[in-house]
Structure formats: structure tokens, C-alpha cells
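Below are the chains, spelled out letter by letter.
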Amino acid sequence: MKSCVNNEEYEFLRLDHQLCFPMYACARQVVRRYTPLLKPLGLTYTQYIVFMALWEEDGITTTEICRKLYLDTGTVTPLLKKLEAQGYIKRERNSEDERVIEISLTKKGWEMRDKVKHIPQQIAGCVTLEQDEIQAFYGLLYKLLDSLSESGQEAADDQERQG
């Protein structure tokens with residue numbers, strides 16, 4: 001097979017030189033492990049992490065959910081509408097500022113927590129890293145995420161101020 005990267009000028013285009021590629025591939029593999037566990041419950045991975053955010057702090061705004069999950073409102077809003085239609089959450093306008101939507105779990109939403117409580121342990125069983133490697137990796141991922149999202153957060157804050 002002929003190599004298309006045949007000089008130093010394009011060496012940086014190799015997949016094995018990209019930080020984003022192994023993160024992307026790893027994320028896809030991890031989410032793929034969740035699918036057979038979530039599908040019988042009618043959940044996507046994104047819905048699952050929205051639930052986790054709400055189980056940690058119920059009654060938060062759409063904006064806070066977006067911030068916690070590093071997602072935009074174009075992704076989160078339709079997902080919240082679907083969860084509301086399924087009876088898992090309530091979406092209510094804030095009485096002081098009607099532009100702000102507050103999200104609260106219903107009884108059915110809280111009951112989902114018992115149905116998924118086994119999932120983190122099942123996923124952990126798929127990971128063959130040592131505990132200290134997992135903790136170091138976790139710390140590095142969040143350090144990278146925070147450094148990358150600083151400029152993204154500034155843009156999100158600007159967008160929120162614009163309505």
C-alpha cells in the first residue's frame with residue numbers, strides 16, 4: 001500500500017499524531033457499551049447523563065444542564081421535551097424570568113434511578129485499567145475538558161446574554 005503522507009509537511013495529519021482521534025474512538029466505544037444496558041429502558045446515553053445531572057441536583061435550569069454536560073441547548077431542549085412527554089420530568093418557566101426553564105424530576109424520573117443503579121458497575125467491569133490509572137486518566141480528561149471549554153464557556157455566556 002502506498003502512503004499518502006509522504007513528506008514532513010503533512011506528517012501532522014497522521015491519525016496517530018492526533019489527540020482527538022483516540023479520545024473520539026474511546027468515547028464511541030464506551031457509549032457503545034452503554035447501549036445494550038440503556039436500550040431496554042428506552043434511554044439513550046445522552047438522556048442517561050441528563051438523568052444523572054438531575055439526580056445530583058433536581059430543579060436546575062436548562063442552561064445549568066447544558067453547562068454541566070458540556071452540551072448546547074439545541075441538543076438538550078429536544079431531549080428534555082421528549083423526557084417530559086414520557087413523564088420523567090417537568091419543565092416550568094421561572095416565575096421571575098419566563099425565559100428561564102427549570103427542570104424537575106417526576107416520581108417516574110426518580111424511579112428510573114433504581115432501574116439504572118447497576119450500570120456504572122457493569123461499565124466499570126469493561127475497563128481493564130488499574131484504579132490509580134483510572135483516577136489519573138479521569139483527572140487529565142477533566143483538566144483538558146476545562147481548558148478547552150473555557151473559551152467555549154465564554155461563547156455560551158455571550159449567547160445566553162443575547163437571549
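Residues numbered from 1 in each chain as written. Predicted model: local features only at pLDDT ≥ 70, side-chain atom pairs only at ≥ 80, totals over all residues. Heavy atoms only, no water.

*Asks:* Please provide a residue-by-residue account of unusual backbone geometry, values included.
*Replies:* Look at tyrosine 70: it is not a glycine, yet its phi comes out positive at around 55°. Examined against the element boundaries, tyrosine 70 turns out to sit in the loop between helix H3 (62-69) and helix H4 (73-85). Classification of tyrosine 70 by relative accessible area gives partly exposed; the value is 38%. (Helix = DSSP H or I, 4+ residues; strand = E, 2+ residues; numbered from the N terminus. Buried < 20%, exposed > 50% of the residue type's maximum accessible area, 1.4 Å probe, protein only.)

*Asks:* Which residues make up the sheet that holds strand E1 (residues 60-61), and what are the values?
*Replies:* The antiparallel open sheet is built from three strands, whose spatial order is E1-E3-E2. Each having just a single partner strand, E1 and strand E2 (89-93) make up the two edges of the open sheet. Bridge count between E2 and strand E3 (residues 101-105): five bridges; the pairing is antiparallel. Paired with glutamate 92 across the bridge in E3 is glutamate 102. Here H4 sits on the sheet in contact with E2 and E3, set at roughly 120° to E2. (Pairing = 2+ DSSP bridges. Contact = heavy atoms within 4.5 Å. Axes fitted to C-alpha atoms, helices over the stretch in contact; angles between N-to-C directions.)

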